[in-house]
Amino acid sequence: MDDPEERFTDLYDRHYRSVLGYALLRADRDVAEDVSSETFLVAWRRLAELPEPPLPWLLGVARNLLAKQRDSRHRRQALVDRITALTTSRDHEAWDVAEHVVDRETALAALSALPERDVEAMVFATWYGLPPEQAAGVMGCSVRTYNVRLHRARKRLARALGLDGGRHPRVLNTPLEDSR
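Keep in mind the model is a prediction, meaning the values are calculated, not measured.

A. Focus on the overall build of the protein chain. Across its full length, the protein chain holds ten helices and zero strands. Tracing the protein chain from N to C terminus, the helices and strands come up as α-α-α-α-α-α-α-α-α-α. Burial statistics for the protein chain: of 180 residues in total, 25% are counted as buried. In the protein chain, the share of contacts with a sequence separation of at least 24, taken over all contacts with a separation of at least 6, comes to 55%. Roughly 12,800 Å² of accessible area belongs to the protein chain as shown, and the carbon and sulfur atoms make up 53% of that amount.

B. The arrangement of the nonpolar core in detail. In this structure, F8, L11, V35, F40, A43, L58 and L66 are the most contacted members of the largest nonpolar core, which totals 20 residues. Elements supplying a minimum of two residues to this core: α1 (4–24), α2 (29–45) and α3 (55–86). Element by element, the count of residues in this core is highest for α1, at seven residues. Apart from the residues within four sequence positions on either side, L66 is in contact with Y22, A23, R26, A27, V31 and V35. If you look at the next biggest cluster of nonpolar residues, it comprises 14 residues, including L114, F124, A135 and L157.

C. Molecular detail of empty space enclosed by the protein. Evaluation of the coordinates by the stated rule reveals one cavity of 30 Å³ or more. There is about 30 Å³ of room inside the largest cavity. Among the elements that take part in the lining of the largest cavity, α3 stands out by supplying three residues, more than any other. Split into classes, the residues belonging to the lining of the largest cavity amount to three nonpolar, no polar and three charged.

D. Region of the structure containing helix α7 (residues 132–139). Those residues of α7 that fall on the buried side of the exposure criterion are A135, A136 and M139. Taken end-on, α7 shows its buried residues confined to a sector of 100°, consistent with a single buried face. Turned more than 90 degrees away from the buried face of α7, the exposed residues are E133, G137 and V138. Among the structural elements, α6 (116–127) and α8 (143–160) are those in contact with the buried residues of α7. Just downstream of α7 lies G140, where phi reads positive at about 75°.

E. Quick peek at the packing of aromatic side chains. In the structure shown here, the tally under the stated rule is seven aromatic pairs. The structure contains a cluster of three or more aromatic residues connected by ring pairs, namely F8, Y12, Y16, F40 and W44.

Rules used throughout
Residues numbered from 1 in each chain as written. Predicted model: local features only at pLDDT ≥ 70, side-chain atom pairs only at ≥ 80, totals over all residues. Heavy atoms only, no water. Helix = DSSP H or I, 4+ residues; strand = E, 2+ residues; numbered from the N terminus. Buried < 20%, exposed > 50% of the residue type's maximum accessible area, 1.4 Å probe, protein only. Contact = heavy atoms within 4.5 Å. Areas by Shrake-Rupley, 256 points an atom, 1.4 Å probe, with all protein chains shown as cover. Core = buried A, V, L, I, M, F, W, Y, C linked by side-chain atoms within 4.5 Å. 1 Å grid on protein atoms, 1.4 Å probe; cavity = no way out; pocket = protein on both sides within 12 Å on 5 of 7 lines; lining within 4 Å. Points joined across faces, edges and corners; volume = space filled by probe spheres on them. Nonpolar A, V, L, I, M, F, W, Y, C, P; charged D, E, K, R; others polar. Arc of directions from axis to C-beta. Phe/Tyr/Trp six-rings, centres within 6.5 Å; stacked < 30°, edge-to-face > 60°.

Nothing here speaks to function; it is geometry throughout.
So, in structure tokens, the structure goes:
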């Protein structure tokens, strides 16, 4: 059989049920079907290198893919567990979606009213978390000039948000990653 499509079709027809059965013994149906499909995708890409008989190799690929799925699931669960451990009941009580939508719209309106240079200075500090030396280099100015621009930009934003009399919110003073 010289035609790669025919060879692959024959391989698939002969071994798909075995690969799926193996995966079903180790995972739920959706994961097993995904792993089986991905196994044959790998087989298609490496069709010229498949050993004889191909079934042990296919099962080895499926086994590795199942291990990756399991590891990924464990990492996701560990992340959920960490977030849960760090979340307090006060966080749940304080969360009001409507409030956050209004806050977001207010913040976007205030940002759009600022000069581009102010927004740029704050983006480098808050979104990218760049230290003043690096942000100044990007903006093409001295560190001192950048710090003055950032300070003035924060003051203008606070004024636009109506916060000039009180404490500035965290987002004005720290990198965005810290405030998420």
